[in-house]
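# Remarks on the overall topology
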Amino acid sequence: MISAKEARKQSEQNKQNILTKEMAIIEKEINNEISQGNNNVYINGSISLNARQMLEQLGYDVKCGSQYNESYVNIKW
């Protein structure tokens, strides 16, 4: 059995790993759109609040919504 402190540490590490993977996917999408000369990316589905906050801190304009029961995210730079 692990201590509460160790459990908290592992939980935070798992959250960070998930955020890192999510940001890598978003970065790939952004780079793909930049290479095509676009200034925004449209992602089907949703992103986590942490990812949205990080993108906004980096200066991106992030719009989330849904249309016809489908979630989407539009990121502009």
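Data block above holds the structure.
Description of the structure in this document. (Residues numbered from 1 in each chain as written. Predicted model: local features only at pLDDT ≥ 70, side-chain atom pairs only at ≥ 80, totals over all residues. Heavy atoms only, no water.)

### Side note on the overall build of the protein
Spelled out, the test is: Under the scheme used here, helices are H or I runs from DSSP no shorter than 4 residues and strands are E runs no shorter than 2 residues, and both carry numbers assigned from the N terminus. Throughout, the radius of gyration refers to the C-alpha atoms, and the reference size of a globule is 2.2 Å times the residue count to the power 0.38. Relative accessibility under 20% of the residue-type maximum defines a buried residue, over 50% an exposed one, and the middle range a partly exposed one, all with a 1.4 Å probe and only protein chains included. Any pair of residues with heavy atoms lying within 4.5 Å of one another is described as a contacting pair. Accessible surface is estimated by sampling points in the Shrake-Rupley manner with a 1.4 Å probe; for residues, cover comes only from the protein chains shown. Asp and Glu count as negative and Lys and Arg as positive, but His and the ends of the chain are not part of the count. Taken as the charge location is NZ of Lys, CZ of Arg, CG of Asp or CD of Glu.
A tally of helices and strands in the protein yields 2 helices and 3 strands. Helices (α) and strands (β) of the protein occur, in sequence order from the N terminus, as α-β-α-β-β. Scaling as 2.2 N^0.38, a compact globule of 77 residues should have a C-alpha radius of gyration of about 11 Å, whereas the protein reaches 15 Å, well beyond that. Counting over 77 residues, the protein shows a buried share of 19%. A separation threshold of at least 6 residues defines the contact pool for the protein, and within that pool the share at least 24 residues apart is 59%. Taken as a whole, the protein presents about 6,100 Å² of accessible surface, with 47% of it coming from carbon and sulfur. The averaged location of the 9 negative side-chain charges in the protein is 8 Å from the averaged location of its 9 positive side-chain charges.

### Some points on the side chain of Glu33
Quick reminder of the rule: Any Lys or Arg side-chain nitrogen located within 4 Å of an Asp or Glu carboxyl oxygen qualifies as a salt bridge. A 3.5 Å cut-off defines polar contacts: any pair of N or O atoms within that distance qualifies, except that in protein one atom must be a possible hydrogen donor and the other a possible acceptor, and neighbouring residues in sequence count only when both atoms are side-chain atoms.
By the element assignment, Glu33 lies in helix 1 (residues 4-35). There is no salt bridge for the buried Glu33, and the closest opposite charge comes from Lys28, which lies 12 Å off by N-O distance. Of note is the side chain of Glu33, whose polar atom sits 2.5 Å from the side chain of Asn38. If we skip the residues at most four places from it in the chain, Glu33 touches Asn38, Asn40, Val41 and Trp77.

Any link to function would need more than the numbers given here.
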